[in-house]
Amino acid sequence: EAAVTQSPRNKVTVTGGNVTLSCRQTNSHNYMYWYRQDTGHGLRLIHYSYGAGNLQIGDVPDGYKATRTTQEDFFLLLELASPSQTSLYFCASSDGTESFGPGTRLTVL
Amino acid sequence: GEQVEQLPSSLIVQEGASVLINCSYTDSASVYFPWYKQEPGKRLQFIIDIRSNMERKQTQRLTLLFDKKTKHLSLHITATQPGDSAIYFCSATGTGGYKVVFGSGTRLLVSP
């Protein structure tokens with residue numbers, strides 16, 4: 001059974017919409033990450049966390065909020081979605097080597 | 001902050017050929033370098049790693065070389081198979097925490 005799961009797997013919203021992406025890990029890892037993957041840019045770190053209640057700013061945080069409610073659950077929030085946030089989003093957990101989720105494809109029209 | 005450059009961006013080879021993927025990084029404080037493979041439509045999966053106190057690591061058909069002086073890594077894949085077709089990512093992590101910086105990826109296509 002997959003140790004990192006994401007939901008939804010696909011999401012379409014409109015400009016200005018409110019979106020929440022969810023991630024759950026059963027690895028008992030302290031660190032969790034949110035990345036976006038865009039052609040030509042590889043994976044870019046949005047936010048990460050080293051435990052429940054903790055949040056660290058990544059390299060491309062603008063327009064995104066995140067919340068780590070438990071060791072298992074990490075959420076990415078887009079409160080006013082824009083077309084530039086159309087991307088493939090990956091969550092990961094880590095104890096040094098990252099274990100990735102299956103990804104969420106988000107389209108902002 | 002750390003920057004990781006990965007080249008080439010794409011490779012097309014015949015089955016059985018060997019390939020070389022190169023990465024360079026900027027932050028001398030980076031100490032751990034895992035590599036990942038992403039097959040079409042799939043999640044990234046860890047394939048091999050190396051630490052800054054090592055020069056070489058090999059697993060099956062993968063050999064990872066590390067040059068601390070030049071801040072350069074290279075992944076050598078031998079006897080490629082169509083199943084090796086994927087995007088390969090290098091990454092770098094420092095001692096200060098678990099912030100990981102990825103290269104932009106190398107798309108490998110192995111034709112039968």
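Residues numbered from 1 in each chain as written. Chains lettered and ligands numbered in written order. Predicted model: local features only at pLDDT ≥ 70, side-chain atom pairs only at ≥ 80, totals over all residues. Heavy atoms only, no water.

1. Topic: the overall build of chain A
Within chain A, the secondary structure is distributed over zero helices and eleven strands. Moving toward the C terminus, one meets the helices and strands of chain A in the order β-β-β-β-β-β-β-β-β-β-β. A compact globule built from 109 residues should have a C-alpha radius of gyration of about 13 Å, and chain A, at 13 Å, falls within 12% of that. Taking the principal axes of its C-alpha atoms as reference, chain A extends roughly 35 × 25 × 25 Å. For chain A, with 109 residues in total, the buried portion stands at 50%. A separation threshold of at least 6 residues defines the contact pool for chain A, and within that pool the share at least 24 residues apart is 51%. When the accessible surface of chain A is totalled, it reaches about 4900 Å², and 49% of it is carbon and sulfur. When the 8 basic and 9 acidic side-chain charges of chain A are each reduced to a single mean position, those positions are 7 Å apart. (Helix = DSSP H or I, 4+ residues; strand = E, 2+ residues; numbered from the N terminus. Rg over C-alpha atoms; globule rule 2.2 N^0.38 Å. Buried < 20%, exposed > 50% of the residue type's maximum accessible area, 1.4 Å probe, protein only. Contact = heavy atoms within 4.5 Å. Areas by Shrake-Rupley, 256 points an atom, 1.4 Å probe, with all protein chains shown as cover. Lys, Arg positive; Asp, Glu negative; His and termini not counted. Charge placed at Lys NZ, Arg CZ, Asp CG, Glu CD.)

2. Re the side chain of H29 of chain A
By the element assignment, H29 of chain A lies in the loop between β3 (19–25) and β4 (31–38). Exposure remark for H29 of chain A: the relative accessible area of 11% places this residue in the buried category.

3. Observations concerning the pattern of salt bridges
By the definition in use, this model includes eight salt bridges over all chains. For D38 of chain A, the salt bridge is made with R36 of chain A, and the minimal N-O distance between the two is 2.8 Å. For the pair formed by D38 of chain A and R36 of chain A, the shared burial category is buried. Notably, a salt bridge pairs D49 of chain B with K57 of chain B, separated by 2.6 Å at the nearest N-O pair. Of the residues examined, K57 of chain B reaches a relative accessible area of 30% and is grouped as partly exposed. Residues joined in a network through salt bridges with shared partners are R36, D38 and R44 of chain A. (Salt bridge = Lys/Arg side-chain N within 4 Å of Asp/Glu carboxyl O.)

4. Considerations on the interface of chain A and chain B
Contacts between the two partners involve 22 residues from chain A and, on the opposite side, 16 residues from chain B. For the pair chain A and chain B, the summed buried surface comes to about 1600 Å²; carbon and sulfur atoms form 56% of the total. Taken together, the connections running from chain A to chain B amount to one salt bridge. One salt bridge in this structure joins K99 of chain B and D59 of chain A, with 2.7 Å as the shortest N-O distance. The tally of links from chain A across to chain B stands at six residue pairs in polar contact (both at pLDDT 80 or more). Going through the elements one at a time, β4, β5 (42–49), β9 (87–94) and β10 (98–100) of chain A are the ones with two or more residues in the side of chain A that touches chain B. Broken down by class, the residue content of the side of chain A that touches chain B amounts to eleven nonpolar, eight polar and three charged. (Buried area = accessible area lost by both parts, 1.4 Å probe. Polar contact = N/O pair within 3.5 Å; in protein donor to acceptor, adjacent residues only side chain to side chain. Nonpolar A, V, L, I, M, F, W, Y, C, P; charged D, E, K, R; others polar.)

5. Remarks on the sheet that holds β3 of chain A
All names here are of chain A. Spatially, β1-β3-β8-β7 is the arrangement adopted by the four strands of the open sheet, whose pairing is antiparallel. Each having just a single partner strand, β1 (4–7) and β7 (65–68) make up the two edges of the open sheet. Ignoring strand direction, the axes of neighbouring strands in this sheet form an average angle of 15 degrees. Pairing between β7 and strand β8 (residues 73–78): four bridges, direction antiparallel. (Pairing = 2+ DSSP bridges. Axes fitted to C-alpha atoms, helices over the stretch in contact; angles between N-to-C directions.)

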